[in-house]
Amino acid sequence: MNKTKPYEISKHAVLEAFRRVKANKGAAGVDEESLEEFEAKLKDNLYKIWNRMSSGSYFPPPVKAVEIPKKTGGQRVLGVPTVSDRVAQMVVKIYFEPTVEPYFHQDSYGYRPGKSAIDALSIARKRCWEYNWVLEFDIKGLFDNIDHELLMKAVRKHTDNPWIIMYVERWLKAPFQMTDGTQKERRSGCPQGGVISPVLANLFLHYAFDKWMDRTYPGKPFERYADDGVVHCRTREEAEELYESLKQRMRECKLEIHPDKTRIVYCKDDDRRENWEETSFDFLGYTFRPRRSKNKYGKFFVNFTPAVSRKASKNMRQTIHDWRMHLKPDKRLEDLANKYNPVIRGWIQYYGHFYKSELYTVLRHMNEALVHWVRRKYKKLRYHKRATNWLGKVARRETKLFVHWKMGILPTAG
């Protein structure tokens, strides 16, 4: 270790940080430098980061503000740091995350090593069978509104490492560079898109919500994925009391519960006969609601269980539409399979985890888009029925060509 530097930061950690940043991909920041350009001078760039960080002279550049449309309407501002800054943030994450991770709650699932959204959904499903009521909550603009003073108090509780504390503070204060080139000062929040932001957001909510729940409502289990969560209650009165209490708690932490996305839901099934207007909720792209299911003896019953949400299905169909396959008649069917199979596979792995049949409409929509492509590519097959029959024969002959064909979702003439 270089003894002339005030802070001991391993060069190996900086290289490892770059490897992780590269694996995550991502766009260029305010300096317009891409990952490829950064890697072209890798040795020099990594040395510069290590040298500045270990001497205390690293100051983050402004964060590029990128507006992306929200699925619910309106705009969400993502902060895109430069590649260099992502590497620097990853260095701090490599050192800091292991010191906080062991303290995090077992039912906090977002952005955590070894935990996933499917884990959260599995536990929520099981608990919805055990508890009659759910409080579904959402924290309004979490990444924009985290209080810096409260957050730094939590950071200092878990580390006394001076350079980690110093750089986290600098990142929190780094301004946004807007699309018109002006800079906007940041007084709260940590940018959604920053490498260190998810760990910091989890740390903030660990104290604002998770620990508070354990302390105040130890008998009410929950699943939290970043700013989204569900709490299980025995009675409606318990859920209503918790809702009021949670609003107050968030106000104390300078946050706000989203009024439109927070609801009390009755987990209705064959054995639950109460009347309540809300009997469904969305969580992590799934809708939990009463559904007709079949037991192992072949008998039907109504079960409160998750399946892909209508919104997620609509987004997937929109994605298929946006691929504009019918405008690619120069491609072969194998080319389309190679290009789109990874996306379809990802959908099936995630949204096919529970009540898979609800996903079939999306996969049939993919078949329809392929039929449209066939009609454009082959003049003899320009009629829908002919194209469908032709594609159906190909699908039965080459079942492994598309991932959903392997599942038996084949093109058929209606």
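Keep in mind the model is a prediction, meaning the values are calculated, not measured. (Residues numbered from 1 in each chain as written. Predicted model: local features only at pLDDT ≥ 70, side-chain atom pairs only at ≥ 80, totals over all residues. Heavy atoms only, no water.)

### Thoughts on the pairing of strand β3 (residues 133–138)
Right, so step 1: Of all six residues in β3, six are buried; the element is thus mostly enclosed.
Right, so step 2: Along β3, one buried face is formed by Trp133, Leu135 and Phe137 and the opposite face, lined by Val134, Glu136 and Asp138, is buried too.
Right, so step 3: Two strands pair when backbone bridges link them, and β3 and strand β7 (residues 228–233) are joined in this way by six bridges, in the antiparallel orientation. By the bridge assignment for β7, Val134 is matched with His232.
Right, so step 4: Inspection of the sheet shows β3 paired to strand β8 (residues 263–266) by four bridges, in the antiparallel sense. Within the sheet, the bridge partner assigned to Trp133 lies in β8 and is Tyr266. (Buried < 20%, exposed > 50% of the residue type's maximum accessible area, 1.4 Å probe, protein only. Helix = DSSP H or I, 4+ residues; strand = E, 2+ residues; numbered from the N terminus. Pairing = 2+ DSSP bridges.)

### A short note on the pattern of salt bridges
Right, so step 1: Applying the stated criterion across every chain, the model contains 23 salt bridges.
Right, so step 2: Ionic pairing is found between Glu169 and Arg156, a salt bridge with its closest N-O pair at 3.1 Å. Of this pair, Glu169 sits in helix α8 (residues 162–173) while Arg156 sits in helix α7 (residues 148–158), and the two are 13 residues apart along the sequence.
Right, so step 3: The class for Glu169 is partly exposed, based on a relative accessible area of 26%.
Right, so step 4: Arg236 serves as the salt-bridge partner of Glu240, at 3.3 Å between the closest nitrogen and oxygen. (Salt bridge = Lys/Arg side-chain N within 4 Å of Asp/Glu carboxyl O.)

### Comments concerning the confidence of the model for the protein chain
Any residue range with low pLDDT should be treated as having predicted coordinates unsuitable for detailed reading.
Right, so step 1: With 98% of its residues at a pLDDT of at least 70, the protein chain reaches an overall mean of 94.
Right, so step 2: Per-residue pLDDT, averaged within each element of the protein chain, yields its smallest value for strand β2 (residues 75–80) (83) and its largest for strand β6 (residues 222–225) (98). (pLDDT = per-residue confidence, 0-100.)

### Quick word on the nonpolar core
Right, so step 1: Formed by 68 residues in total, the largest nonpolar core has its most connected members in Met53, Val87, Val92, Phe96, Val155 and Leu200.
Right, so step 2: By residue number, the principal contributor to this core is helix α9 (residues 197–216), which donates 10 residues.
Right, so step 3: Excluding residues that lie within four positions of it along the chain, Met53 makes contacts with Tyr7, Ile9, Tyr58, Ala88, Val91, Val92, Trp163 and Tyr167.
Right, so step 4: Listed in part, the 52 residues of the second largest apolar core include Val265, Phe281, Tyr286 and Met366. (Core = buried A, V, L, I, M, F, W, Y, C linked by side-chain atoms within 4.5 Å. Contact = heavy atoms within 4.5 Å.)

### Considerations on the sheet that holds β3
Right, so step 1: Strand order in the open sheet formed by four strands is β6-β7-β3-β8, with antiparallel pairing between adjacent strands. Whereas interior strands pair on both sides, the edge strands pair on one side only; in this sheet they are β6 and β8. Averaged over neighbouring strand pairs, the angle between their axes works out to 15° when direction is ignored.
Right, so step 2: Packing of helix α5 (residues 117–130) onto the sheet brings it into contact with β3, β6 and β7, and relative to β6 it is tilted by some 155°.
Right, so step 3: Where helix α10 (residues 236–252) meets the sheet, its contacts fall on β3, β7 and β8, and the angle it forms with β3 comes to roughly 20°. (Axes fitted to C-alpha atoms, helices over the stretch in contact; angles between N-to-C directions.)

### Some remarks on helix α14 (residues 384–397)
Right, so step 1: Taking 1.5 Å per residue, 14 residues should reach 20 Å; α14 reaches 20 Å between its end C-alpha atoms and fits that length.
Right, so step 2: Ala387, Thr388, Leu391, Gly392, Val394 and Ala395 are the residues of α14 that are buried. Taken around the axis of α14, the buried residues stretch over an arc of 165°, which confines them to a single face. Pointing more than 90 degrees away from the buried face of α14 are the exposed residues Lys385, Lys393, Arg396 and Arg397.
Right, so step 3: Those residues of α14 that are buried lie in contact with α12 (333–351), α13 (360–377) and α15 (403–406). (Expected span 1.5 Å × (residues − 1). Arc of directions from axis to C-beta.)

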